[in-house]
Amino acid sequence: MSDFIMIILSVLIWINLTIAIVQIFGGLYRFFFGKDKYPGYKDKLAIYLTCVIFYFLLLKLFWEFFDVERNMNSYEGILVVYTLIVPLPLAAYYWKIVYHTKK
């Protein structure tokens, strides 16, 4: 890959990592200490947190099972998709349940 693309991917990974940390801790805080914004709010937060845990478990299993550190060039495309594309629907779901008000 060219240097420009690697820089863009590195910046996107750091942005995704920052967003993920904020959303996970925000989701945990809202789940345990927050108030219900609407009926089913905490249930949707539980679904989000379960999906996030499943996402990271799959990443860990993939990393260990395929020995990604040794074979990084073989799995580069999969990792880019998994770390840059897959978290976007999770982030969109989180924003929808936290900032969408039901009437």
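Remember, predicted model here, so these are calculated numbers, not experimental data.

Caption draft 1: Focus on a nonpolar patch on the surface. A cluster of nonpolar side chains, F4, I5, I7, I8, V11, L12, I15 and I19, forms an exposed patch at the surface whose accessible area comes to about 710 Å². Mapped onto the elements of the fold, F4 is located in helix α1 (residues 3-33).

Caption draft 2: Spatial organisation of helix α2 (residues 41-65). Its 25 residues place the ends of α2 36 Å apart at the C-alpha level, agreeing with the 36 Å of an ideal helix rising 1.5 Å per residue. Of the residues making up α2, those classed as buried are Y41, L45, Y48, L49, V52, Y55, L59 and F62. Along its buried surface, α2 packs onto α1, α3 (76-84) and α4 (87-99).

Caption draft 3: Region of interest: the packing of α1 against α3. Where α1 meets α3, the axes come as close as 10 Å, and the angle between the chain directions of the two elements is 40°. Classified by the interaxial angle, the pair formed by α1 and α3 is oblique. Read as a crossing pair, α1 and α3 show a hand that is left-handed. Contacts from L9, L12, I13 and N16 in α1 reach V80, T83 and L84 in α3. Tallied by class, the residues present in the contact of α1 with α3 amount to five nonpolar, two polar and no charged.

Caption draft 4: Structural context of the layout of surface pockets. Roughly 530 Å³ of internal volume is contained in the largest pocket. Lining the largest pocket are 27 residues, and of these N16, L17, Y55, T83 and P87 lie nearest its centre. Taken together, the elements giving at least two residues each to the lining of the largest pocket come down to α1, α2, α3 and α4.

Caption draft 5: Region of the structure containing the nonpolar core. Judged by nonpolar contacts, the single largest core of 16 residues is most densely connected at Y41, L45, Y48, L90, Y94, I97 and V98. Taken together, the elements giving at least two residues each to this core come down to α2, α3 and α4. Looking at this core element by element, the count peaks at eight residues for α2. Those residues in contact with L45 that sit more than four places away from it in its chain are G27, R30, F31, Y94, I97 and V98.

Caption draft 6: Layout of the packing of aromatic side chains. Applying the stated rule across the entire model yields eight aromatic pairs. A centroid spacing of 5.4 Å and a plane angle of 75° characterise the contact between Y38 and Y41, whose relative ring orientation is edge-to-face. The exposure classification of Y38 matches that of Y41, with both residues buried. Between W95 and Y99, the ring centres sit 4.6 Å apart and the planes meet at 25°, which makes this aromatic pair stacked. Remark: Y99 and W95 occur in helix α4; sequence separation between them is four residues, near one turn of the helix. For W95, a relative accessible area of 47% translates into the label partly exposed. What makes Y99 partly exposed here is its relative accessible area of 47%. Clustering of aromatic rings is evident, with ring pairs tying together Y48, Y94, W95 and Y99.

Cut-off values and rules
- Residues numbered from 1 in each chain as written.
- Predicted model: local features only at pLDDT ≥ 70, side-chain atom pairs only at ≥ 80, totals over all residues.
- Heavy atoms only, no water.
- Patch = residues over 30% accessible without salt bridge, like charges linked within 9 Å, V, L, I, M, F, W, Y side chains within 5 Å.
- Areas by Shrake-Rupley, 256 points an atom, 1.4 Å probe, with all protein chains shown as cover.
- Salt bridge = Lys/Arg side-chain N within 4 Å of Asp/Glu carboxyl O.
- Helix = DSSP H or I, 4+ residues; strand = E, 2+ residues; numbered from the N terminus.
- Expected span 1.5 Å × (residues − 1).
- Buried < 20%, exposed > 50% of the residue type's maximum accessible area, 1.4 Å probe, protein only.
- Contact = heavy atoms within 4.5 Å.
- Axes fitted to C-alpha atoms, helices over the stretch in contact; angles between N-to-C directions.
- Parallel < 35°, antiparallel > 145°, perpendicular 65-115°, else oblique.
- Left-handed = near helix turned anticlockwise from the far one by under 90°.
- Nonpolar A, V, L, I, M, F, W, Y, C, P; charged D, E, K, R; others polar.
- 1 Å grid on protein atoms, 1.4 Å probe; cavity = no way out; pocket = protein on both sides within 12 Å on 5 of 7 lines; lining within 4 Å.
- Points joined across faces, edges and corners; volume = space filled by probe spheres on them.
- Core = buried A, V, L, I, M, F, W, Y, C linked by side-chain atoms within 4.5 Å.
- Phe/Tyr/Trp six-rings, centres within 6.5 Å; stacked < 30°, edge-to-face > 60°.

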